[in-house]
Amino acid sequence: MSKIDGKRFGPWAVITGASSGIGREFARQIAASGIHVALVARREPQLHEVGLECSREFGVEHRVIVADLAVEGFIARIAEATRELDVGLVISNAGSANPGRFLDKNSDELAMTLRLSALAHAEMARHFGRRLVDRGRGGLAFVGAVGAENGAPFMAHDGAAKAYVRSLALALHEEFKPFGVYVTAVAPGPTDTPVLARFGLDPKTMPLKPMLAGDVVREGLQALSANRATLIPGRMNRMMRAVVPASVTRSMMMRMFANMPELANPPS
Ligand SMILES: NC(=O)c1ccc[n+]([C@@H]2O[C@H](COP(=O)([O-])OP(=O)(O)OC[C@H]3O[C@@H](n4cnc5c(N)ncnc54)[C@H](OP(=O)(O)O)[C@@H]3O)[C@@H](O)[C@H]2O)c1
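Residues numbered from 1 in each chain as written. Predicted model: local features only at pLDDT ≥ 70, side-chain atom pairs only at ≥ 80, totals over all residues.

Engineer: Looking at this model, I keep getting lost on the site of the ligand. Mind explaining?
Structural biologist: Of all residues adjacent to the ligand, which total 29 residues, the nearest are Gly17, Gly21, Arg42, Arg43 and Gly95. Broken down by element, the residue count for the shell around the ligand peaks at three residues, all from helix H2 (residues 21-32). Its residues assigned to classes, the shell around the ligand shows 15 nonpolar, 11 polar and three charged. (Near = placed C-beta within 6 Å. Helix = DSSP H or I, 4+ residues; strand = E, 2+ residues; numbered from the N terminus. Nonpolar A, V, L, I, M, F, W, Y, C, P; charged D, E, K, R; others polar.)

Put into structure tokens, the structure is as follows:
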């Protein structure tokens, strides 16, 4: 677990996608630093569970905000629910994975993914960026995905939308720096969360063990505390990214998805 500076990043943090996986772990580690947590996602019971856990174990306050980040206008709901909170930290993490053939996606799916994986980060950055800049300190972490900008076969649109996250965060890192606001792009590789099941992957049988969400978050919070522009969590992920050409990674993804029965056959 990583402790972060409550004076810089407290007294409240807003975490999107806090009902599960990496977001849930962000909530726990931030709460362990004595920072109150406002938890955002669609599934209310899971958010209450995470909030109660944070309050019980770490003695912080929590607030549950039910919102669908793929729906236009979601930011007004989050703005209203956090209006009187002194927010010093924002973790823009909510996301999903929808592997499949690009040609099988319909326009609604394409639009939904862009709203969740790109536009939602921009709306969070604009609303909370203004608040953080006005108070002159704080931090924003954006969760993307390693190598998204290099193209991901059978995740073509998901990957392209995720590539937006890194670009946005790198630019805001510079824009917000003069105002004392830290910005980091966190780009995880395979991580042991419920998302893996969507790829038909079992962490126990994967050739390279996925990272634990706790380790991804610990490294992510350390990078934000040091105001690093970007971080790929995990030494193995960093090494792979440095030595394996992107074209080889794309071929590996093609082979991996070819083993998924629903993707093995050509489009009908
Ligand atoms: N796990 C990996 O291998 C991996 C690798 C690279 C990048 N990532 C990224 O890491 C982030 C966290 O993923 P995870 O692995 O922790 O997956 P996860 O366990 O499935 O968590 C995803 C979170 O996002 C929330 N979410 C999804 N759609 C939403 C929507 N429309 N509105 C509001 N909240 C929504 C979910 O909450 P509700 O369902 O309750 O709304 C959940 O809290 C994502 O951005 C993902 O792309 C993960």
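So that's the structure; there's more coming.
Engineer: Which parts of the structure should I look at to understand the nonpolar core?
Structural biologist: Among soluble globular proteins, nonpolar side chains are generally buried collectively. With 67 residues, the main nonpolar core has Ala13, Ile15, Ala27, Ile30, Val37, Leu39 and Leu140 as its most contacted residues. Once residues within four sequence positions are removed from consideration, Leu140 is found in contact with Val90, Ser92, Ala125, Phe128, Gly129, Leu132, Leu172, Val181 and Val183. (Core = buried A, V, L, I, M, F, W, Y, C linked by C-beta atoms within 7 Å. Buried ≥ 20, exposed ≤ 12 C-beta atoms within 10 Å, placed from the backbone. Contact = placed C-beta atoms within 7 Å.)

Engineer: For this particular structure, what's the right way to read the environment of Gly147?
Structural biologist: Mapping Gly147 onto the fold places it in the loop between strand S5 (138-143) and helix H6 (156-176). Gly147 sits in the buried class, given 23 other C-beta atoms within 10 Å. Through-space distance from the C-alpha of Gly147 to that of Pro11 is 33 Å; in sequence the pair is 136 residues apart. When neighbours within four sequence positions are excluded, Gly147 is seen to be in contact with Arg241, Ala246 and Thr249.

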